[in-house]
Amino acid sequence: MGFLLAAVQAPVAAKLVADDSWLFSLCVALMVATVIIADDASRPRPAGAPSSD
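Described in the following lines is the structure provided in the data block. Keep in mind that what you see is a predicted model, and the values were worked out from it rather than measured.

## Description of the overall build of the chain
- Helix and strand counts for the chain come out as two helices and zero strands.
- Looking at the chain as a whole, 9% of its 53 residues qualify as buried.
- Of the accessible surface of the chain, which amounts to about 4,500 Å², a share of 72% is contributed by carbon and sulfur atoms.

Following this line, the structure appears as structure tokens:
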């Protein structure tokens, strides 16, 4: 959810701010989303849980 909010915020900030500082928030959002997805993929699942593979 946070990634989606940051992704929506970036174009709005690009219109309102003259410099390219909005790109930093988009890069941070992508990095956080990557870490969350990688952490979720490497987390061990309970024995009875269905696999996403």
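## Describing the environment of Ala33
- On the secondary structure map, Ala33 appears in helix H2 (residues 22-42).
- Residue class for Ala33 comes out buried when judged on its relative accessible area of 16%.
- Each C-alpha atom of the pair Ala33 and Met1 lies 9.6 Å from the other, and the pair is 32 residues apart in sequence.

## Regarding a nonpolar patch on the surface
- Together, Phe24, Val28, Met31, Val32, Val35 and Ile36 make up a nonpolar patch on the protein surface, roughly 590 Å² of accessible area in all.
- Locating Ile36 in the fold gives a position in helix H2.
- Taking relative accessible area as the criterion, Ile36 reaches 53% and is therefore assigned exposed.

Calculation rules
Residues numbered from 1 in each chain as written. Predicted model: local features only at pLDDT ≥ 70, side-chain atom pairs only at ≥ 80, totals over all residues. Heavy atoms only, no water. Helix = DSSP H or I, 4+ residues; strand = E, 2+ residues; numbered from the N terminus. Buried < 20%, exposed > 50% of the residue type's maximum accessible area, 1.4 Å probe, protein only. Areas by Shrake-Rupley, 256 points an atom, 1.4 Å probe, with all protein chains shown as cover. Patch = residues over 30% accessible without salt bridge, like charges linked within 9 Å, V, L, I, M, F, W, Y side chains within 5 Å. Salt bridge = Lys/Arg side-chain N within 4 Å of Asp/Glu carboxyl O.

Read these as layout, nothing more, since geometry by itself doesn't imply function.
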